[in-house]
Amino acid sequence: MPPIERAAALGRVADVLERDTEEIARAEALDTGKRYAEALLDVDDVLSVFRYYAGRGEEVERPREVDPGVEGVHSVVHREPIGVCSLVTPWNYPLLQASWKVAPCLLAGNTFVLKPSEITPHSTMLMVRAVQEAGVPAGVANLVLGTGPGCAGPLSTDPRVDLVSFTGSLAVGKHLMREAAGTVKRVALELGGKNPNIVFADADREAAIDNAMTAVFLHSGQVCSAGARLLVEESVKDEVVDAVVERARGIRMGPPFDEDAQTGSLTSAQHLAKVEDYVATGLAEGATLRCGGGRPDDPALADGYYYLPTVLDDCRLDMHVVQEESFGPVLTVETFRTEEEAVALANGTVYGLAGAVWTSDRDKARRVARALRLGTVWVNDYHPYVAPAEWGGHKQSGIGRELGELGLEEYQETKHVWENTTPAPTGWFG
């Protein structure tokens with residue numbers, strides 16, 4: 001199928017998803033526990049991804065001519081589909097993360113086997129239904145449902161697979177990377193982060209405090225780019241942290257269709273237990289509990305996997321809770337005195353996915369942004385992304401990129417064709 005037709009199919013996928021927005025958002029909310037209002041926004045983001053790549057059809061396989069510096073030679077670099085792709089997606093943003101992989105994969109001309117999390121598969125199933133309805137040929141888009149160990153193993157080791165794209169935990173990403181090494185297949189990994197949110201004393205205080213809340217407590221902290229590390233300049237630390245604590249105590253929790261709720265539950269009992277253990281470890285390490293630290297007392301929430309928005313103060317860089325992500329509504333607080341110390345603290349984990357800088361000094365913001373080893377840096381903002389801009393991490397936050405031009409190139413191979421239009425003997429061996 002020519003690229004322009006593949007692009008048109010992506011546009012039709014977006015149209016079907018838009019038509020079925022309410023059904024898909026409901027499935028997403030019921031699976032994940034997030035608010036229905038958030039799930040509706042997720043569908044909007046998915047539409048933007050499919051429509052961005054639908055607009056790239058004319059250029060996706062455009063050859064690039066190279067000047068060989070030799071008369072009579074035509075030298076061209078072509079981009080071609082990589083082949084069969086295994087796409088393994090996480091449970092926190094199942095629909096969105098699937099779109100980041102499916103849209104460029106199809107535009108590039110590949111086939112795929114998609115495995116969503118067994119915890120939250122239903123919105124992904126509806127996406128594959130939309131792909132089929134959009135006229136993508138049978139056998140191109142394939143869905144497999146099951147557990148990670150049962151499905152992801154063959155998807156990463158089978159020699160017929162040319163690429164494995166995985167979003168999830170660092171431990172599983174390392175395992176899949178080892179498995180894929182047996183057949184030297186390409187891997188693209190987005191492995192989460194422990195993301196610093198740096199607030200300097202000269203920042204817009206109200207905006208910084210408000211965004212610090214959204215950075216960590218949106219979707220109950222179950223976000224790979226969550227600003228779970230609050231780094232505050234010492235002179236304003238008490239003012240900022242006290243305000244965050246006061247507001248965190250007032251967050252309204254509830255089920256997906258409770259219009260008064262501001263955040264929902266965690267996604268599973270297993271994850272709730274993990275977050276509880278994480279906070280207990282932080283307290284044992286010497287952190288100060290400022291708020292939260294347990295399940296809510298509200299009887300209406302007793303049957304759900306709810307965990308109160310939690311702030312752990314007086315944290316140090318060597319603590320487990322600073323080095324590892326909770327993937328829950330847990331904010332750790334660290335203090336710095338200088339710009340250099342802020343950068344050193346922010347870069348002081350194995351992760352490098354995203355983070356933010358809050359300051360009214362544009363030169364300082366740009367210096368710090370350049371010094372941070374992160375794939376995405378927000379200045380005086382937190383969380384926005386757009387489909388044309390690449391997403392991915394430095395260090396152990398992953399390999400490769402999603403979205404943007406590089407997100408498409410992950411699903412393509414390059415081939416250099418050197419055509420000598422005036423062939424002649426070389427005479428090398430007489």
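In short, a report on the structure. (Residues numbered from 1 in each chain as written. Predicted model: local features only at pLDDT ≥ 70, side-chain atom pairs only at ≥ 80, totals over all residues. Heavy atoms only, no water.)

1. Some remarks on the layout of surface pockets
Of the voids in this model, the largest pocket is the one considered here, and its volume is about 940 Å³. Along the walls of the largest pocket sit 37 residues, with Trp91, Phe166, Gly168, Ser169 and Val172 positioned nearest its centre. When contributions to the lining of the largest pocket are tallied by element, the ones reaching two or more residues are α6 (148-157), β6 (163-167), α7 (170-181) and α10 (269-284). Class assignment of the residues belonging to the lining of the largest pocket gives a composition of 16 nonpolar, 15 polar and 6 charged. Estimates place the volume of the second largest pocket at around 390 Å³. Around the second largest pocket sit 16 residues that line it, and Asp45, Tyr93, Leu218, His383 and Tyr385 are the ones nearest its centre. Of all the elements in the fold, those that place two or more residues in the lining of the second largest pocket are α3 (36-54) and α4 (94-107). Broken down by element, the lining of the second largest pocket gets its largest block of residues, 4 residues, from α3. Its residues assigned to classes, the lining of the second largest pocket comprises 10 nonpolar, 3 polar and 3 charged. (1 Å grid on protein atoms, 1.4 Å probe; cavity = no way out; pocket = protein on both sides within 12 Å on 5 of 7 lines; lining within 4 Å. Points joined across faces, edges and corners; volume = space filled by probe spheres on them. Helix = DSSP H or I, 4+ residues; strand = E, 2+ residues; numbered from the N terminus. Nonpolar A, V, L, I, M, F, W, Y, C, P; charged D, E, K, R; others polar.)

2. Comments concerning α10
Given 3.6 residues to a turn, an α-helix orients residues that are three or four positions apart in the same direction. Between the first and last C-alpha of α10 there are 23 Å, a value that for 16 residues agrees with the 22 Å anticipated at 1.5 Å per step. By the burial criterion, the buried members of α10 are His271, Leu272, Val275, Tyr278, Val279 and Gly282. One face of α10 carries all of its buried residues, which in axial projection span an arc of 120°. Away from the buried face of α10 by more than 90 degrees, exposed residues Gln270, Asp277 and Ala284 are located. Summarising the contacts, the buried residues of α10 are in contact with β11 (310-313), α11 (320-323) and β12 (330-336). At the C-terminal side of α10, glycine 286 shows a positive phi close to 115°. (Expected span 1.5 Å × (residues − 1). Buried < 20%, exposed > 50% of the residue type's maximum accessible area, 1.4 Å probe, protein only. Arc of directions from axis to C-beta. Contact = heavy atoms within 4.5 Å.)

3. Overview of the packing of helix α1 (residues 3-19) against α3
Put simply, α1 and α3 touch, their axes get as near as 8 Å, and they point 165° apart. Considering the angle they form, α1 stands roughly antiparallel to α3. Like other packed secondary-structure pairs, α1 and α3 cross with a definite hand, here left-handed. Together, Ala7, Leu10, Gly11, Val13, Ala14, Asp15, Leu17 and Glu18 of α1 and Val43, Val46, Leu47, Phe50, Arg51, Tyr53 and Ala54 of α3 make up the contact between the two elements. Here the contact of α1 with α3 is composed, by residue class, of 11 nonpolar, 1 polar and 3 charged. (Axes fitted to C-alpha atoms, helices over the stretch in contact; angles between N-to-C directions. Parallel < 35°, antiparallel > 145°, perpendicular 65-115°, else oblique. Left-handed = near helix turned anticlockwise from the far one by under 90°.)

4. A word on the packing of α1 against α4
Close contact between α1 and α4 brings their axes to 8 Å; oriented N to C, the two are set at 155°. With respect to each other, α1 and α4 are oriented roughly antiparallel. Here Pro3, Arg6, Ala7 and Leu10 of α1 lie close against α4, whose contacting residues are Ala103, Leu106 and Leu107.

5. Structural notes on the sheet that holds strand β9 (residues 229-233)
Taken in spatial order, the 7 strands make up an open sheet running β10-β11-β12-β9-β8-β13-β14, and their pairing is mixed. Two strands lie at the open edges of the sheet, namely β10 (288-291) and β14 (376-379), each paired on one side alone. Adjacent strand axes in the sheet meet at a mean angle of 25°, parallel and antiparallel pairs treated alike. In terms of strand pairing, β10 meets β11 through 3 bridges, oriented antiparallel. From the neighbouring strand, leucine 289 faces β11, where its bridge partner is leucine 312. (Pairing = 2+ DSSP bridges.)

6. Focus: the pattern of salt bridges
Following the criterion strictly, the structure yields 29 salt bridges and no others. Of the charged contacts, one joins lysine 115 and glutamate 118 as a salt bridge, the two residues approaching to 3.5 Å between their closest N and O atoms. The structure contains a network of salt bridges with shared partners spanning Arg19, Asp20, Glu23, Arg129 and Glu133. (Salt bridge = Lys/Arg side-chain N within 4 Å of Asp/Glu carboxyl O.)

7. Some thoughts on the nonpolar core
In terms of nonpolar packing, the biggest core is built from 86 residues, with Phe50, Tyr53, Val102, Phe112, Leu230 and Val244 touching the most fellow members. With sequence-adjacent residues up to four places away left out, valine 244 is seen in contact with Ile209, Ala212, Met213, Leu230, Val311 and Leu331. (Core = buried A, V, L, I, M, F, W, Y, C linked by side-chain atoms within 4.5 Å.)

8. Some words on the side chain of serine 156
In this structure, serine 156 sits in helix α6. Within the structure, serine 156 has its side chain in polar contact with the backbone oxygen of glycine 153 (distance 2.9 Å). Aside from chain neighbours lying at most four places away, what touches serine 156 is Val164, Leu176, Glu179, Ala180 and Lys185. (Polar contact = N/O pair within 3.5 Å; in protein donor to acceptor, adjacent residues only side chain to side chain.)

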